[in-house]
Amino acid sequence: MIQRWYEVTCDYCGCGINHYAVGKPTREMLEEDGIVCTATKQFCSDECYANWQHDRLERQHMNLYPNGLINHK
């Protein structure tokens, strides 16, 4: 018998958070298990979410700076 399992991993650190055998987990199921969810990503903790947010904003800033959209004097 073939059975489908869904493994949820953190989108920042990559650690495995949980496995689901019933079916694809909904956002509500993930949040009940303590997983931090955004619209498209899931994180194992608030710390990973904050680190991802910081890195995202830093990349966004660095993409604007070389293109001359942000001037530093």
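Residues numbered from 1 in each chain as written. Predicted model: local features only at pLDDT ≥ 70, side-chain atom pairs only at ≥ 80, totals over all residues. Heavy atoms only, no water.

Novice: Got a minute to help me understand the overall build of the protein in this structure?
Specialist: Tallying secondary structure elements over the protein gives two helices and four strands in all. Each helix (α) and strand (β) of the protein, taken in turn from the N terminus, gives the series β-β-α-β-β-α. When burial is assessed residue by residue, the protein has 16% of its 73 residues classed as buried. The contacts of the protein with a sequence gap of at least 6 include a subset with a gap of at least 24, amounting to 28%. When the accessible surface of the protein is split by element, carbon and sulfur atoms take 50% of a total near 5,800 Å². (Helix = DSSP H or I, 4+ residues; strand = E, 2+ residues; numbered from the N terminus. Buried < 20%, exposed > 50% of the residue type's maximum accessible area, 1.4 Å probe, protein only. Contact = heavy atoms within 4.5 Å. Areas by Shrake-Rupley, 256 points an atom, 1.4 Å probe, with all protein chains shown as cover.)

Novice: Where do I start with the packing of aromatic side chains in this structure?
Specialist: The relative placement of two aromatic rings is captured by the distance of their centres and the angle of their planes. Enumeration over the complete set of coordinates arrives at three aromatic pairs. Judged by centre distance (5.4 Å) and plane angle (55 degrees), the ring pair of F43 and Y49 falls under tilted. In this structure F43 comes out as buried when scored by relative accessible area, which is 0%. Seen in terms of ring centroids, F43 and W52 are 5.2 Å apart; in terms of plane orientation they differ by 40 degrees. Their pairing is tilted. A single burial state applies to F43 and to W52, both of which are buried. Ring-pair connections join several aromatic residues into one group, and the members of that group are F43, Y49 and W52. The cationic tip of R56 hangs over the ring face of W52; the distance from NZ or CZ to the ring centre is 5.8 Å. (Phe/Tyr/Trp six-rings, centres within 6.5 Å; stacked < 30°, edge-to-face > 60°. Lys NZ or Arg CZ within 6 Å of the ring centre and 35° of its normal.)

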